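Remarks on the overall topology
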Amino acid sequence: MKIVAIAGSNVGTKTRTAMDYTVKSLKEKYPQYEVTLLDLAELKVEFSDGRNYTEYEGDTKFVAETVMAADVLIIGTPIFQASIPAALKNIFDLLPKDALQDKIASIVVTAGSSKHYLIAEQQLKPILSFMKAQIVQKYVFIEEKDFYRNKIINDDILFRIDRLVEDTMILAETYQSIRKAKEEKYGF
């Protein structure tokens, strides 16, 4: 199973810090699976211009193909000005509308305050749903006060990330076993 974690901003460090912990948790609990972290701050991704994702080159093609090949996506996003960043939205714009069909998606949000708690519900979940992802309903919301010197200092947040990883993988493994049983029974 291929798991892709996305640090969905090209600026800042808090989302990357949260995704580093998420990846660490994944690798410790599920060492049998391939885990890739895409940090949009480290990649030069072109803005979508309507081409098929396979027609792009460089980092843009790498990111699109990596997401398309994933079985599981764990999306980390900061909230800026009550919105997800354009860099993250652009990743979805690069892909076909059904690109997330049969993929499990979960969410980790970083924000300056609790005022932005519902942004994932109002902006990110509808995009994932439209693109046909199977969404883990609970997500982790991390406020600025939960960080200190590029570390998460709130043990409850660490527990909730660990739980999100577990919930994501239980859903992914369940869907995988259902699809396998269906293929064996019906031949497709």
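Residues numbered from 1 in each chain as written. Predicted model: local features only at pLDDT ≥ 70, side-chain atom pairs only at ≥ 80, totals over all residues. Heavy atoms only, no water.

The next point concerns the environment of serine 83. Structurally, the position occupied by serine 83 is in the loop between strand 3 (72–78) and helix 3 (86–94). Assessed through its relative accessible area of 25%, serine 83 is described here as partly exposed. Sequence separation of serine 83 and alanine 172 is 89 residues, and the distance between their C-alpha atoms is 28 Å. Beyond its immediate sequence surroundings of up to four residues, serine 83 is in contact with Pro78, Ile119 and Gln123. (Helix = DSSP H or I, 4+ residues; strand = E, 2+ residues; numbered from the N terminus. Buried < 20%, exposed > 50% of the residue type's maximum accessible area, 1.4 Å probe, protein only. Contact = heavy atoms within 4.5 Å.)

On to the packing of helix 3 against helix 4 (residues 119–130), then. With their axes 11 Å apart at the nearest point, helix 3 and helix 4 run at an angle of 10° to one another. Comparing the axis directions of helix 3 and helix 4 gives the class roughly parallel. Crossing of helix 3 against helix 4: the hand is left-handed. In this structure, helix 3 contributes Leu88, Lys89 and Phe92 to the contact, and helix 4 contributes Leu124, Ile127 and Leu128. Within the contact of helix 3 with helix 4, the residues separate by chemical class into 5 nonpolar, no polar and 1 charged. (Axes fitted to C-alpha atoms, helices over the stretch in contact; angles between N-to-C directions. Parallel < 35°, antiparallel > 145°, perpendicular 65-115°, else oblique. Left-handed = near helix turned anticlockwise from the far one by under 90°. Nonpolar A, V, L, I, M, F, W, Y, C, P; charged D, E, K, R; others polar.)

Turning our eyes to something else, we now look at unusual backbone geometry. Phi at glutamine 81 is positive, roughly 50°, even though this residue is not glycine. Tracing the sequence through the fold places glutamine 81 in the loop between strand 3 and helix 3. Residue glutamine 81 is classed as exposed on the basis of its relative accessible area, which comes to 78%. With a phi angle near 60°, alanine 82 is a residue other than glycine that sits in the positive phi range. Positionally, alanine 82 belongs in the loop between strand 3 and helix 3.

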